[in-house]
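# Observations on the three-dimensional arrangement
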Amino acid sequence: MSIMEKRSVSLDDKYTLRKGYAFMTGIQSLVRLPLVQRELDQKAGLNTAGYISGYRGSPLGGYDQQLERNKKLLEEHHIKFQPGVNEDLAATALWGTQQAELGGEGKYDGVFGIWYGKGPGVDRSGDVLRHANYAGTSKFGGVLALMGDDHTAESSTVCNQSEFAMVDALIPVLNPSGVEEIFDFGIFGLALSRFSGCWVGLKCLHDTVEATASINVDVERIKVVIPNDFTLPEDGLNIRFPDTPHAQDKRIHEYKVDAARAFCRSNKLDRTIWQGGIAKIGVVTVGKSYLDTRLAFDELGIDETKAERLGVRLYKVAMPWPLEPEGILEFAQGVDLIIVVEEKRALIEPQIKELLYGASHRPQVIGKTDETGEPLFRTAGALDPNHIAAIIARRILTFRVDEKLKDRLHEMEVRLDLSLLPQESMVRLPYFCSGCPHNTSTVVPEGSIAMAGIGCHYMVQWMDRNTLGFTHMGAEGANWVGQAPFSKRKHIFQNIGDGTYFHSGIMAIRAAVSSGINITYKILFNDAVAM
Ligand SMILES: Cc1ncc(C[n+]2csc(CCOP(=O)(O)OP(=O)(O)O)c2C)c(N)n1
Ligand code: SF4
């Protein structure tokens, strides 16, 4: 096809095109993912099926809608989409998919699975995530857990960062920077899951999953390499019947996590982006922070050529846990200072420090704290590219003289001076949409009080309606179980959304009944699972 030649374009390209480029959102790339996985398996002579289940919540709010819209296409490819009643029951169903062939009655060679949930959904699923990950995945199945995180609680009642929940369940985590990587890491993630026997977390932030991009859809582009430097135990690492807790414990601690590191190494998932000439400074970053760091470098006028001259090396981590050691140790060779840029709690930085502690060459490592132990990149909130730029530029200028960079840093420092910014003159609080039943259903009789819960109706708390306090999803009323025996008040109203009632709230009502407290539930029926 010549460059001038136009080909016909269809809205289905994002799912059906197998060569060239197609425009899609991160969420759509996650619909494409299982379709391509099945095709890759077929090419490898495997007859696999797929299963997707989970529960919505920003930033994966629209995933189930896209899956529903494409149900027919998915089913044609033997992929079943079953929305979960809640996240942990959905995760348990995914555990089940890995057991499908164990009794010799499986219809397929394997079932690969995708679970999705928002940060609080990851939290509430801790028990099943640990059980299922310790039990393992099947040889031709594999499970990807999409962790929808909202670092700054833009659309949440708590700021969430799910990596640590995954680490706690010993689930390796991949953290993509954009739409194409979401897709690529999805394919690598399923292969990693099959090889290591672990579930694999895939971090989704609204900055990455709700972004759009034209991505290279050539299915031959991704070549998965099975490590040849890792010896599996004779009985492998995959799920089996029967199994014991002690055998699982040994398998996961002595093999599975290391197998994940070996896979990351063989597939060069973590990579050096800029060699940085005779480098003095190494910048290590991951996921969305990689985008912020690249923006920071742009603001400083530093591209690869200039980085070469200034001696700045750049490393992009794909799998922040467990960190692959060989790549990072090689990267650290020769540099005097490593700057780790990662949003929220430090995950990569302590692993680097631990790896370097016994190394012959030990550059200084800064990130959450600076060279003197003072706070550097904040953990609360989000990172600001201007701030990242200023921190990096100051360090470069201690090694190199560069007038242009000095000027840029000065501009940056002016921008960061909050006193020069216009001050907010008014605060605008969000409110219910006009016509929303919550406008009337949340009103309480004079003298009464109510408690809120999860959902849009949570906003009632700032609406002068005697409604105070809320719970996480599905515990509505349970606060009053603990409060009532110690309060002079005899009764409260408890709001609970209809979505939450179905998700898990019915259990809270049972708890209220069994405790004998005086409470009136209002099930706010708006036929929507909104927030
Ligand atoms: C465990 C968990 N899963 C998902 C979410 C995301 N989430 C917050 S509110 C909400 C919808 C609640 O719907 P509903 O109870 O009907 O209340 P409404 O928004 O209609 O007021 C969802 C899915 C969450 N906060 N916690
Ligand atoms: S539940 Fe729907 S209509 Fe009501 S405030 Fe939320 S988004 Fe608006």
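Residues numbered from 1 in each chain as written. Chains lettered and ligands numbered in written order. Predicted model: local features only at pLDDT ≥ 70, side-chain atom pairs only at ≥ 80, totals over all residues. Heavy atoms only, no water.

### Some details on the overall build of the chain
When helices and strands are tallied, the chain shows 20 helices and 16 strands. Counting only C-alpha atoms and orienting by the principal axes, one finds that the chain spans roughly 75 × 70 × 60 Å. When each of the 531 residues of the chain is scored for burial, the buried share is 53%. Counting only contacts in the chain whose residues sit at least 6 apart along the sequence, the fraction spanning at least 24 positions is 78%. With the model as given, the accessible surface of the chain reaches about 24,700 Å², and the carbon-plus-sulfur share is 55%. Taking the average location of the 57 positive side-chain charges in the chain and that of its 66 negative ones, the two points are 1 Å from each other. (Helix = DSSP H or I, 4+ residues; strand = E, 2+ residues; numbered from the N terminus. Buried < 20%, exposed > 50% of the residue type's maximum accessible area, 1.4 Å probe, protein only. Contact = heavy atoms within 4.5 Å. Areas by Shrake-Rupley, 256 points an atom, 1.4 Å probe, with all protein chains shown as cover. Lys, Arg positive; Asp, Glu negative; His and termini not counted. Charge placed at Lys NZ, Arg CZ, Asp CG, Glu CD.)

### Details of the pairing of strand 7 (residues 200–205)
The buried count for strand 7 comes to 6 of 6 residues, which makes it a mostly enclosed element. Burial of the side chains of strand 7 extends over both faces: Val200, Leu202 and Cys204 are buried on one face and Gly201, Lys203 and Leu205 on the other. Pairing geometry for strand 5 (residues 143–149) and strand 7, over 6 bridges, is parallel. Bridge assignment links Asp149 to a residue of strand 7, and that residue is Leu205. Here 2 bridges tie strand 6 (residues 173–174) to strand 7, and the two strands are oriented parallel to one another. The residue bridging Leu174 from the neighbouring strand is Leu202, located in strand 7. In this region the chain leaves strand 6, passes through helix 9 (residues 179–196) and returns to the parallel neighbour strand 7; the handedness of that crossover is right-handed. (Pairing = 2+ DSSP bridges. Right-handed = clockwise from strand over helix to strand, strands pointing away.)

### Some points on the environment of Arg415
With respect to the helices, strands and loops of the structure, Arg415 is situated in helix 17 (residues 403–416). You can call Arg415 partly exposed: its relative accessible area is 39%. It is 19 Å that separates the C-alpha atoms of Arg415 and Gly381, two residues lying 34 residues apart in sequence. Look past the residues within four positions of Arg415 in its chain and what remains in contact with it is Glu299, Asn386 and Leu421.

### Points about the packing of helix 9 against helix 11 (residues 245–266)
Closest axis-to-axis distance for the helix 9/helix 11 pair is 9 Å, and the angle between their directions is 140°. It follows from the interaxial angle that helix 9 and helix 11 lie oblique. Judged by the sense of rotation from one axis to the other, the crossing of helix 9 with helix 11 is right-handed. Here Phe188, Ala191, Leu192, Phe195 and Ser196 of helix 9 come into contact with helix 11, specifically with Lys256, Ala259, Ala260 and Phe263. Looking at the contact of helix 9 with helix 11, its residues break down into 7 nonpolar, 1 polar and 1 charged. (Axes fitted to C-alpha atoms, helices over the stretch in contact; angles between N-to-C directions. Parallel < 35°, antiparallel > 145°, perpendicular 65-115°, else oblique. Left-handed = near helix turned anticlockwise from the far one by under 90°. Nonpolar A, V, L, I, M, F, W, Y, C, P; charged D, E, K, R; others polar.)

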